[in-house]
Amino acid sequence: QLDDFAREKATTTTPTTAAATDHAATLPYRMSDPEGDEGLYTGPSDADGKAHGDGKLTYDNGAVFIGKFQAGRMLEGACYRGTGATMCTMSGGKWNPSTRDELIRQYPFQASKTTPTTIAAVVPVRRVEVMSGDFVDQVKFVMANGEEKVYGAPGG
């Protein structure tokens, strides 16, 4: 059953554009999905510096989209909660109304650690706090501007 975030994604569409063939360096940068939900993209980019190829968008709410990007747009992949639970999938630049197993297999969730240097590329980090027990499931970054951002999912 789809939660509100996944349901919202499944009811919207994303137009696709022609692909650029010249690939530039892999650099993290902030981007928005078609609905305006923001996060940090990591992966290859095209000659214009737009997301292009297999990459990852880590949303500010902790969700993670892993998939293929084309000319700065999400093309296909799977969206997961920070815990790795599947939320929704995308194919042909459109959110699927139900999850597609082949996309989950093709773009599996891989836990990764968010480091202060990754976030510092956007806003300087003043303090980092681990917010769970034995395993690092959730990390809070206190930015130099006083803003607090929590990444990951509650756990322990």
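A brief look at the structure comes next. The model shown is predicted, which means the values in this text are computed figures rather than measured ones. (Residues numbered from 1 in each chain as written. Predicted model: local features only at pLDDT ≥ 70, side-chain atom pairs only at ≥ 80, totals over all residues. Heavy atoms only, no water.)

### Comments concerning the sheet that holds strand β2 (residues 29-32)
Put simply, the rule reads: Any two strands are treated as partners once DSSP identifies two or more bridges connecting them. Helix and strand labels come from DSSP, where a helix needs a run of H or I of at least four residues and a strand needs a run of E of at least two; each type is numbered from the N terminus.
Spatial ordering of the open sheet is given by β2-β3-β5-β6-β7-β8-β9, a layout of seven strands whose pairing is antiparallel. Since the sheet does not close on itself, it has two edges, and those belong to β2 and β9 (94-95), each with one partner. Summarising the sheet, β2 and strand β3 (residues 38-42) pair through four bridges and their orientation is antiparallel. Within β3, the residue paired with S32 across the bridge is E38.

### Considerations on the pattern of salt bridges
Put simply, the rule reads: Any Lys or Arg side-chain nitrogen found within 4 Å of a carboxyl oxygen on Asp or Glu counts as a salt bridge. Between buried and exposed lies partly exposed: a residue is buried under 20% and exposed over 50% of the maximum accessible area for its type, with that area taken using a 1.4 Å probe on protein chains only.
Scanning the entire structure with this criterion turns up four salt bridges. Measuring nitrogen to oxygen at the nearest pair gives 2.7 Å for the salt bridge that ties D60 to R30. You can see D60 sitting in the loop between β5 (53-59) and β6 (64-70) and its partner R30 sitting in strand β2, a full 30 residues away along the chain. Since its relative accessible area comes to 27%, D60 is described here as partly exposed. Because the salt bridges share partners, they merge into one network encompassing R30, E38 and D60.

### Considerations on the environment of S91
Convention followed: Contacts: residue pairs with any heavy atoms within 4.5 Å of one another.
Relative to the assigned elements, S91 resides in strand β8 (residues 86-91). Judged by its relative accessible area of 16%, S91 falls in the buried class. S91 sits 16 residues away from L75 along the chain, and the two C-alpha atoms are 6.3 Å apart. Apart from residues lying up to four places away in sequence, S91 is in contact with L75, E76, N96, R100 and L103.

### Points about the packing of aromatic side chains
Here the distance between the centres and the angle between the planes together describe a pair of aromatic rings. Stated precisely, the cut-off is as follows: Only centres within 6.5 Å qualify two rings of Phe, Tyr or Trp (six-membered ring in Trp) as a pair; their planes then separate them into stacked at under 30 degrees, edge-to-face at over 60, and tilted for everything else.
One pass over the structure, following the stated rule, counts five aromatic pairs. Judged by centre distance (5.8 Å) and plane angle (80 degrees), the ring pair of F65 and W95 falls under edge-to-face. Separated by 30 residues along the polypeptide, F65 in strand β6 and W95 in strand β9 bring together distant segments of the chain. The exposure classification of F65 matches that of W95, with both residues buried. An angle of 55 degrees between the planes, with centres 5.5 Å apart, marks the rings of Y80 and F109 as tilted. On the criterion of sequence distance, the pair formed by Y80 in strand β7 (residues 73-80) and F109 in the loop between α2 (101-106) and α3 (116-120) is long-range, its members being 29 residues apart. Accessibility expressed as a relative area gives 2% for Y80, which makes it buried. What links up through ring pairs into an aromatic cluster is the set Y29, Y41, F65, F69 and W95.

### Some thoughts on unusual backbone geometry
In the Ramachandran plot, A71 falls in the positive-phi region, its phi being about 50 degrees despite a non-glycine side chain. Considering the arrangement of structural elements, one finds A71 in the loop between β6 and β7. On the basis of relative accessible area, A71 is assigned to the buried category, the value being 15%.

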